[in-house]
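The lines below spell out each chain.
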Amino acid sequence: PLQGGPLPTPGVWRLSSKAAGLCRWSGGLGGGAMDEHRRDGSDGQEGAPPVMGFDDGHLVDLPGATQGFSAPRDEAFDEPFQEETRGPAVGWYDSEFTGGRPGDVADSRELGVTLAQLQEYLAISTSLKRSCGTLPLTLALWITYLMMVFYHGGAQISFESSHFVRRAIEGCFTTQPGAGGGWEREVRLTDITDHREIMPWIDGALVPMLQTPDNQQVLLGHVRVRQHRGENSTCGLATSLQSFYQSGCYPAGGFVGSYGPHRPAYELPEPSFISVSRSGTVFEFWIEVNRSRAVVSERVRSLEKEGWIDLSTQDVTIEGLYLNVEEHVYSHFSIAFKMHREGLLESSLTVYPLRGEIFSHWAQIFLDVFWMGVFVMLMYSAVTETLLEMERGLIKLHLQEPYFWLDLSLLVLGGAIVGNFYNFVYWLYKYTDEVYSLGVMPPLSVAEAPDAQKVQAEIDNRVYQDQIAKMIDWVEWFVNQNGWVRFCSVLYSGLMVLRFFRGFTGQPRLAVLVQTFLQSAGFVIHFIILLCFIFINFAMAGYILFGEQLQGWTTPIGAIGQMLLVFFLRFDYKEFHNIAPLASSIWFSTFFVLVVVLMQRLMSAAIVDTYLSVKASLG
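Residues numbered from 1 in each chain as written. Predicted model: local features only at pLDDT ≥ 70, side-chain atom pairs only at ≥ 80, totals over all residues. Heavy atoms only, no water.

Caption draft 1: Spotlight on a nonpolar patch on the surface. Taken together, the side chains of Leu 139, Trp 142, Ile 143, Leu 146, Met 147, Phe 150 and Tyr 151 define a hydrophobic patch exposed on the protein surface, amounting to about 660 Å² of accessible area. When you line up the elements, Leu 146 lands in helix α2 (residues 135-153). (Patch = residues over 30% accessible without salt bridge, like charges linked within 9 Å, V, L, I, M, F, W, Y side chains within 5 Å. Areas by Shrake-Rupley, 256 points an atom, 1.4 Å probe, with all protein chains shown as cover. Salt bridge = Lys/Arg side-chain N within 4 Å of Asp/Glu carboxyl O. Helix = DSSP H or I, 4+ residues; strand = E, 2+ residues; numbered from the N terminus.)

Caption draft 2: Region of the structure containing the packing of helix α10 (residues 508-546) against helix α11 (residues 556-567). Relative to each other, α10 and α11 sit at 110°, their axes nearing to 8 Å. For the element pair α10 / α11, the angle class is roughly perpendicular. For the pair α10 and α11, the sense of crossing is right-handed. Within the contact between the two elements, α10 uses Phe 535, Phe 538, Ala 539, Met 540 and Tyr 543 and α11 uses Pro 556, Ala 559, Ile 560, Met 563, Leu 564 and Phe 567. Looking at the contact of α10 with α11 residue by residue, the classes come out as 11 nonpolar, no polar and no charged. (Axes fitted to C-alpha atoms, helices over the stretch in contact; angles between N-to-C directions. Parallel < 35°, antiparallel > 145°, perpendicular 65-115°, else oblique. Left-handed = near helix turned anticlockwise from the far one by under 90°. Contact = heavy atoms within 4.5 Å. Nonpolar A, V, L, I, M, F, W, Y, C, P; charged D, E, K, R; others polar.)

Caption draft 3: Up close: the packing of aromatic side chains. Following the criterion strictly, the structure yields 40 aromatic pairs and no others. Measuring from ring centre to ring centre gives 4.9 Å for Phe 285 and Trp 308, while their planes differ by 90°; the resulting arrangement is edge-to-face. In this pair, Phe 285 sits in strand β11 (residues 282-287) while Trp 308 sits in the loop between α5 (293-305) and β12 (313-324), placing the two residues 23 residues apart along the sequence. Residue Phe 285 shares its accessibility class with Trp 308, and that shared class is buried. Taken together, a centroid distance of 5.1 Å and an interplanar angle of 75° make the contact between Phe 404 and Trp 405 edge-to-face. Looking at Trp 405, the relative accessible area reads 44%, which means it is partly exposed. Here a set of aromatic residues connected by ring pairs shows up, and it is made of Tyr 330, Phe 424, Tyr 426, Trp 427, Tyr 431, Trp 474, Trp 477 and Phe 478. (Phe/Tyr/Trp six-rings, centres within 6.5 Å; stacked < 30°, edge-to-face > 60°. Buried < 20%, exposed > 50% of the residue type's maximum accessible area, 1.4 Å probe, protein only.)

Caption draft 4: Just unusual backbone geometry, in detail. Not every positive phi belongs to a glycine, and His 328 is a case in point at roughly 55°. With respect to the secondary-structure elements, His 328 resides in the loop between β12 and β13 (329-339). With a phi angle near 60°, Leu 569 is a residue other than glycine that sits in the positive phi range. Following the sequence through the fold, Leu 569 ends up in the loop between α11 and α12 (573-579).

Caption draft 5: Layout of the packing of helix α6 (residues 364-391) against helix α8 (residues 402-436). With their axes 10 Å apart at the nearest point, α6 and α8 run at an angle of 145° to one another. Handedness of the crossing formed by α6 with α8: left-handed. Counting all contacts with α6, which are made through Asp 368, Trp 371, Met 372, Phe 375, Leu 378, Met 379, Ala 382 and Thr 386, the residues of α8 involved are Phe 404, Asp 407, Leu 410, Leu 411, Gly 414, Gly 415, Val 418, Phe 421 and Tyr 422. For the contact of α6 with α8, the residue count by class is 12 nonpolar, three polar and two charged.

Caption draft 6: Main features of the pattern of salt bridges. Taken as a whole, this structure holds 16 salt bridges when the rule is applied. A salt bridge links Arg 185 to Glu 197; the shortest N-O distance between them is 2.6 Å. With a gap of 12 residues between them, Arg 185 in strand β8 (residues 184-187) and Glu 197 in the loop between β8 and α4 (198-211) connect regions that are remote in the sequence. The class of Arg 185 is partly exposed, set by a relative accessible area of 24%. Between Glu 389 and Arg 392 there is a salt bridge whose closest N-O contact spans 3.8 Å. Salt bridges linked by common partners bring Asp 203, Arg 293 and Arg 301 together as one network.

In structure tokens form, the structure reads like this:
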């Protein structure tokens with residue numbers, strides 16, 4: 001009735017958990033009188049709390065209320081009611097709702113409602129109405145944002161392009177003689193276990209795959225092979241152990257400068273054995289894939305024979321760039337070989353896709369314009385609300401409201417995403433122009449050129465390879481920027497979900513769930529803190545028990561990751577049992593009972609209890 005609707009029929013009505021309000025309609029003020037019983041049994045005596053009611057559609061003091069009391073007028077609620085609603089007055093009961101039938105209350109003593117209680121009820125009603133009013137803007141912002149992410153992301157096209165390159169590299173192999181030379185074995189990328197197998201794999205597997213023509217995927221220029229080397233030094237062995245190991249050690253660091261075979265002064269030095277970095281530890285050569293098979297193979301085999309990779313090598317990285325012509329998607333592949341000082345050689349392959357055209361159709365610009373329009377409306381709404389609260393003198397209370405900071409975070413983060421996105425698009429088109437200006441590969445390699453043209457061939461190929469190196473390095477920058485934009489986009493979508501919570505508080509059933517979530521937050525935070533300590537302790541126990549024999553448990557961070565798999569029961573218990581039968585059984589049983597059984601059920605019980613409490617308080 002306070003919002004201009006028709007007055008309810010006689011019954012019992014709940015106002016709020018704090019206002020202690022249940023009301024029924026009894027008698028009219030036009031010539032009759034209203035029952036004025038108070039909680040203390042007085043009849044409007046001096047000192048009784050002021051009582052409010054309705055007369056002719058307006059808030060008035062009830063007869064017998066405290067003298068001198070005057071109800072404040074609020075334009076939002078001080079509007080006349082419809083003609084048919086005039087006359088009856090309001091009485092308040094301190095009772096529980098028992099079914100909605102007239103007079104069906106547990107306690108029939110009438111209760112006076114103070115001004116503070118009435119103001120609270122009006123404030124809650126206004127707040128709920130404002131909360132519901134935020135839903136249309138939030139929904140429009142959310143829908144346009146999802147559509148924009150879908151059309152600009154192009155995840156399926158990027159994945160298919162990069163996955164094609166990945167499968168081609170993982171599937172290529174070469175044959176090498178086995179032990180004793182009596183049989184041959186296939187060597188793929190994941191089968192390489194020794195540094196002496198890297199160059200034969202490049203020559204016999206990778207180069208033929210790169211030279212295979214493909215109508216959709218085109219290799220841009222040459223492929224770069226780079227390594228980091230360590231300076232050869234003496235080993236820090238005890239004197240009694242030096243007789244067992246006469247060779248040197250190859251730790252990381254130091255200054256290498258140059259190495260390799262000695263050449264006469266009148267010949268050009270081999271650039272692959274000269275460091276390309278100031279630290280003196282980085283060396284590289286280029287696989288000129290577009291040359292003939294014989295030229296490329298001769299180049300790789302000569303470097304293998306001269307020992308370009310040896311025990312001083314710390315790691316080797318092979319990088320190249322593919323272009324999907326039809327979809328305009330770049331695929332940057334990186335093959336890495338990590339040589340641990342313990343003798344283990346670890347290989348890995350990563351392929352990063354990069355879309356060359358963010359706007360695949362001209363109509364997508366209208367989607368961006370529409371989203372930015374909704375974003376400006378959000379900004380206008382937030383600024384207007386802040387200025388209004390400032391005029392009312394409630395700016396301090398407004399700044400303490402969590403939803404103010406939520407809208408501010410949406411505005412700041414949204415502006416950052418827009419700025420980074422269009423900066424990314426600008427440099428992406430610059431990059432496309434750089435690719436188009438790459439030009440044609442020099443006609444002669446250094447090995448093919450006559451003696452009189454070797455210097456010019458060296459210069460031409462160096463300029464061409466510098467352009468390709470710039471393109472490869474740019475892709476790495478684009479991948480990093482793209483990762484930050486995607487991370488901020490995920491964070492932005494999470495903030496929009498929190499803004500939905502504000503609108504849901506105006507709907508009774510959703511309000512119960514939202515309040516349950518908010519009231520459970522404190523318990524959940526403390527629960528997670530306790531769970532983290534228990535979880536890390538069990539992870540360190542697994543690191544102690546299995547770290548020396550199971551690969552995933554060799555580092556503390558890796559042990560925590562493996563512990564997550566144990567938590568979700570995605571592991572092989574036989575691996576643990578084969579290493580430490582008794583200790584592993586005690587370790588896993590204790591973890592399962594304490595974490596999986598007890599703590600998970602404790603969390604569920606606490607949330608259910610909070611839900612029931614919130615539902616009972618909200619009605």
